[in-house]
Amino acid sequence: MSMSSSSIKFLFAAVATAALVACGGGGTSTPAPAAKVATSDASVALAPANGATITNAIANTSITFAGGTLGSTSSTVLQFTDKSATPAFSATSSAGVITGTTTFGSCIFTVKTSTNQAVPVGTVFTYNPCTITVATAGAPANGSSSVRVATFNLSPGFGTLSVPVIVATDGAILLNGVFMAGAGLSVTTGAN
């Protein structure tokens, strides 16, 4: 039996079409799973129940107040220098260095040492509200750590810091590994 050239071409075309149909045509794929992201920034007021926990999570992290705070009108760098129920603090500015302890019910800083002539030992600074807000809006809720900018509000001054943050798949926000707050989540599709 002899086949003509056109018959062979037709046969090859039919076999190729059957192979494509069997493979699904090559044009379909499994859709990417839906991804969850935090719907807003996370903000929490520091109070007796959580103040030490939050400040312990950011211990030895520099918080820079461009407009000054804690008795200084110039740029001030605040650090919580230990992890305790009444965290020690250090505030450094061009006017000098003050150190002391922190208590909560707002943020209450009691000065224990001072090289700043305008801030004598025994001075107490009370800031209310005292909050920390972390830029989590749009962060993937996948349990991965990423460095985020946070704002530390010692009303009326605002300081900034950068901290490792995790938004867990259930919406829990972990600040340097410590639970801070819960986040609302929304579902997106495709890449996060």
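Residues numbered from 1 in each chain as written. Predicted model: local features only at pLDDT ≥ 70, side-chain atom pairs only at ≥ 80, totals over all residues. Heavy atoms only, no water.

Draft legend 1. Looking closely at the overall build of the chain. Regarding its fold elements, the chain presents two helices and 14 strands. Going through the 192 residues of the chain one by one, you find that 36% of them count as buried. Taking all contacts inside the chain whose residues are at least 6 apart in sequence as the whole, residues at least 24 apart take part in 43%. A total accessible area of about 10000 Å² is found for the chain, and carbon and sulfur atoms account for 60% of it. (Helix = DSSP H or I, 4+ residues; strand = E, 2+ residues; numbered from the N terminus. Buried < 20%, exposed > 50% of the residue type's maximum accessible area, 1.4 Å probe, protein only. Contact = heavy atoms within 4.5 Å. Areas by Shrake-Rupley, 256 points an atom, 1.4 Å probe, with all protein chains shown as cover.)

Draft legend 2. Representation of the state of the cysteines. Evaluated as defined, the whole model comprises one disulfide. Paired through a disulfide, C107 and C130 show a sulfur-sulfur distance of 1.9 Å. On the S-S bond that ties C107 to C130, the torsion sits near -55°, and the link is left-handed. Here C107, found in strand β7 (residues 107–114), pairs with C130, found in strand β9 (residues 130–134); they are 23 residues apart in sequence, far enough to count as distant. Like C107, the residue C130 is buried in the burial classification. (Disulfide = S-S within 2.5 Å.)

Draft legend 3. Unusual backbone geometry, seen in detail. Omega for the bond connecting N128 with P129 falls within 30 degrees of zero, at 10°, which places this linkage in the cis form. Checked against the element boundaries, P129 lands in the loop between β8 (124–127) and β9. Residue S155 is joined to P156 through a cis peptide bond whose omega torsion reads 10°. In this structure, L70 is a non-glycine residue whose phi angle is positive, near 50°. Structurally, L70 can be placed in the loop between β3 (63–65) and β4 (76–80). With phi around 55°, N176 is a residue other than glycine that occupies positive phi space. Secondary-structure assignment places N176 in the loop between β12 (172–175) and β13 (178–182). Residue classification places N176 among the partly exposed positions, given a relative accessible area of 40%.

Draft legend 4. Quick peek at the environment of K83. With respect to the element layout, K83 can be found in the loop between β4 and β5 (88–93). Since its relative accessible area comes to 63%, K83 is described here as exposed. For the pair formed by K83 and A59, sequence separation is 24 residues and the distance between their alpha carbons is 6.6 Å. When residues no more than four places from it in sequence are discounted, the contact partners of K83 are N56 and A59.

Draft legend 5. Here's a closer look at the side chain of T61. Along the chain, T61 turns up in the loop between α2 (51–57) and β3. Those residues within four positions of T61 in sequence are excluded, and the remaining contacts are L78, Q79, L161, S162 and V163.

Draft legend 6. Quick look at the packing of aromatic side chains. Inspection of the entire model under this criterion finds five aromatic pairs. Between F125 and Y127, the ring centres sit 6.4 Å apart and the planes meet at 15°, which makes this aromatic pair stacked. Its relative accessible area of 16% is what places F125 among the buried residues. The class of Y127 is buried, set by a relative accessible area of 9%. Aromatic ring contacts, followed pair by pair, group F80, F89, F109, F125, Y127 and F152 into a single cluster. (Phe/Tyr/Trp six-rings, centres within 6.5 Å; stacked < 30°, edge-to-face > 60°.)

Draft legend 7. Region of the structure containing the pairing of β12. As paired strands, strand β11 (residues 157–167) and β12 are joined by three bridges and run antiparallel to one another. From the neighbouring strand, V167 faces β12, where its bridge partner is I173. Hairpin connection from β11 to β12: four residues lie between these consecutive antiparallel strands, with G171 at a positive phi of about 95°. Two elements, β12 and β13, share four bridges in a ladder whose sense is antiparallel. Counterpart to I173 in the pairing with β13 is A181. Taking the residues between adjacent antiparallel strands as the criterion, β12 and β13 are bridged by two residues, where N176 takes a positive phi near 55°. (Pairing = 2+ DSSP bridges.)

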